[in-house]
Amino acid sequence: MEKKSSNIILIITGAILFNLLFWEEKLAVNTLIFDIFILTAIFRIYPTSLKNNTVKLLLMGHLVCIAMIIFHNTLLSKIAFSITLLLLVGFSEYVHRSAWYAGGSVLLNFVLFIAGFFEELQKRKQVTNSRLRISRIMRFLFFPVLLCFIFFIVYSFANTVFADLISKATLSIREFFKHFFEVISIPRILFLLLGLYITGSLLLKSKFDYFSQRDKQHNDNLERKRLPRYIRINKPLYRFSMYMMGGFGKGILALKSENAIGIASMLLLNILLLLVNIIDIKYVWLNFQYSPDINVSNLVHEGTGLLIVSIIMAMLVVLFYFKGNLNFYQKNKWLKYGAYLWILQNAILVFSVFMRDYYYISQLGLAYKRIGVLFFLLMVLIGLITVAIKIYYKKTSYFLFRINAWAGLIILTLSTTVHWDEMMAKYNLAHQNSVTLDIPFLLSLSDKTLPMLHEEIEMFKQQEELQKKPQDENDMNCKTCYVEILSKRETEFFERENKYSWLSWNYADQSVSNYFSGKSGKATSLK
Amino acid sequence: MVLIGLVFIFSGKLSGLFILFFLFVGAVLLTFPLLVLIIQVAKISTRLPYVLQARFAWLVFMLILIGVFFYAIMGLPIDSSIFQLKSEISYFFWGTTISILCAGLFSRKLFKKLNIRYEQQLV
């Protein structure tokens, strides 16, 4: 009971801390303080979790993310921080191997927090055994208040003096509440409740461990199953193959027929993809020459779209054929070769899209989606390798999704260590003679790039003179007034920063502030 | 909506009573489809592995969440600041939330009966 009551105290302390640290602040050094509290509380409530190697690895990744929040303060680092924290909670509180199921368990924590919290409160209540209940008082008061309300309406219509008196009283009450809410604002109370909800959901384990149980039921290695016919015929995939193959899908010939159809499918798909790849190798890999007539943007987008469809199809086809006993069929050699070739061809397709993206970047510079495509290609490549591993080592789909989730998580964590906005600005400005500069895009990048952009003010002036139209002179939302936009962004940065306290301190903002302080004394120092 | 009617009554107009009645009927018709969702949530609450009071608190919380989503879908296109006190529509939302809390407070016995019936069905 003592431990249970300390859980409630921890949750309430966390809620108050959340309110004090994050109210009208941004995620920065305050996140570190809150994170220390949450992690300490988790490892206090669930002490055995620290012995788990997965938790240790996740903790390392999470610490990288929190360091990056303070160092770079990018949106990506904040997203990665949230994801790693949630998974850390999932793996600490439940027994899991898969990040997907751990995510499900944390989701259940959030959905069932209210029930868990009230159960904890109920247990405490039983100890104190208070007989005075608010609901009882309210029940007693309900009927008299209703009666009063009806007579109140009748009297206010019947007696004008009474109506006047009531209107004065209403005004006084309104004034009282107005002053009351000036001192204790409702948004602040709601923010406190949000803090309670978030802290509670992170610390309180739900009693419904559905995802943990599901996770335990899965294996990495495929096992040969000899299911009785009455069970087999009720499976949807069996019904589908029966529908497709008819009589060939029945009895001892089923596997042989499935294998033959699989080989035929792989052969046709490989020929089809081979044609696409030959065209790509000839025109994109070897003979690509940029001319202004080619829309590089369309070239990349079309290629990526094709790749997504192809990869999803490849995964589904491979998962369909290698779902069960066909993995153990002795004459599946050609089907396996077909699948490997199909995977290899998809890898070539990945490289084709990479080449398209490379041309795109070399012509138009770096941008979010262009970098996003590179990450997508990396994930696809890992996906293809794991599919090949699945076939070769006879692994389950559970293994495939589990490994890919971890790969995604590692890539996400590593990607937080780079300030992508800064990198994009640096690259595009350094290559301004060879790439077409998208100045509105550069001016929309995060605050960390402001010093870099400020250094290029002469270039912005020249571009402005070249691109400005006469009607832009009087336009309030002038899109070609680059110097003005940059100056406005610098002013807004300092206005914003001055509103924050030391809780929002981060290295990225501090370096921008230092730059401008040293430059012209324009900046006021950060708190 | 009922609040608008009450405002009319307080401002001394008898027509407020009629407005109150029509708005009440309108509100019932508008929120009627939500019953499907509410029934499902109530059913789920009876299956949760928690004590009765905790299940009940969860149900009330979910009803408030349904209210939030309902106002977000219906109100956000009209007024983007619907959940802020400066918006007049926010009074509807707060009125609904308080009503759910009050309704919850007075229907605990009913909820207990629902749970007992569900447990009997299980046996």
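Model, not experiment: these values are computed from the prediction.

Student: Explanation requested: the overall build of chain A in the structure shown.
Tutor: Each helix and strand in chain A was counted, giving 22 helices and zero strands. Burial analysis of chain A (527 residues in total) assigns 27% to the buried set.

Student: Looking at this model, I keep getting lost on the overall build of chain B. Mind explaining?
Tutor: On a plain count of helices and strands, chain B comes out with six helices and zero strands. Taken from N to C terminus, the helices and strands of chain B fall in the order α-α-α-α-α-α. Residues counted as buried form 13% of the 123 residues belonging to chain B. Partitioning the intrachain contacts of chain B with sequence separation of at least 6 by distance along the chain shows that 42% fall at a separation of at least 24.

Student: Any chance you could explain the environment of B:V51 here in plain terms?
Tutor: Relative to the assigned elements, B:V51 resides in the loop between α3 (34-47) and α4 (52-75). Look past the residues within four positions of B:V51 in its chain and what remains in contact with it is A:E119 and A:Q122.

Student: Where do I start with the interface of chain A and chain B in this structure?
Tutor: By convention, interface size is frequently given as the accessible area that disappears when the constituent parts associate. At the junction of the two partners, chain A supplies 13 residues and chain B supplies 14 residues. Residue assignment for the side of chain A that touches chain B shows that the elements contributing at least two residues are α5 (99-128) and α6 (134-158) of chain A. A per-element tally of the side of chain A that touches chain B places α5(A) first, with six residues.

Student: Would you mind going over the domain arrangement of chain B with me for this structure?
Tutor: Residues and elements named next belong to chain B. Assigned domains within chain B: domain 1 (1-32) and domain 2 (33-122). Counting residues at the interface gives four residues for domain 1 and six residues for domain 2. Across the side of domain 1 that touches domain 2, the residue classes tally to three nonpolar, one polar and no charged.

Student: Quick question: what am I supposed to make of the nonpolar core here?
Tutor: General note: in soluble globular proteins, nonpolar side chains tend to be found buried as a group. A:I114, A:A115, B:A57 and B:W58 are the most contacted members of the largest nonpolar core, which totals 52 residues. Only α1 (2-22), α2 (29-45), α3 (53-71), α4 (75-93), α5 and α8 (186-203) of chain A together with α4 of chain B provide two or more residues apiece to this core. No other element matches the eleven residues that α5(A) contributes to this core. Ignoring any residue separated from it by four or fewer positions in sequence, one finds A:A115 in contact with B:L48, B:Y50, B:A54, B:R55, B:A57 and B:W58. Core analysis: the next-biggest nonpolar cluster, separate from the first, contains 34 residues, A:M315, A:V318, A:Y360 and A:W420 among them.

Student: It is not clear to me how the packing of helix α12 (residues 254-286) of chain A against helix α14 (residues 333-364) of chain A should be interpreted in this structure. Could you clarify?
Tutor: Packed helix pairs are specified by the crossing angle of their axes together with the interaxial distance, meaning the distance between the axes. Residues and elements named next belong to chain A. Contact geometry of α12 with α14 gives a least axis separation of 9 Å together with a crossing angle of 25 degrees. One way to sum up the angle between α12 and α14 is to call them roughly parallel. Helix-helix and strand crossings are classified by hand; for α12 and α14 the assignment is left-handed. Grouping the constituent residues of the contact of α12 with α14 by class yields 16 nonpolar, seven polar and two charged.

The rules behind the values
- Residues numbered from 1 in each chain as written.
- Chains lettered and ligands numbered in written order.
- Predicted model: local features only at pLDDT ≥ 70, side-chain atom pairs only at ≥ 80, totals over all residues.
- Helix = DSSP H or I, 4+ residues; strand = E, 2+ residues; numbered from the N terminus.
- Buried ≥ 20, exposed ≤ 12 C-beta atoms within 10 Å, placed from the backbone.
- Contact = placed C-beta atoms within 7 Å.
- Domains from an automatic or database assignment.
- Nonpolar A, V, L, I, M, F, W, Y, C, P; charged D, E, K, R; others polar.
- Core = buried A, V, L, I, M, F, W, Y, C linked by C-beta atoms within 7 Å.
- Axes fitted to C-alpha atoms, helices over the stretch in contact; angles between N-to-C directions.
- Parallel < 35°, antiparallel > 145°, perpendicular 65-115°, else oblique.
- Left-handed = near helix turned anticlockwise from the far one by under 90°.

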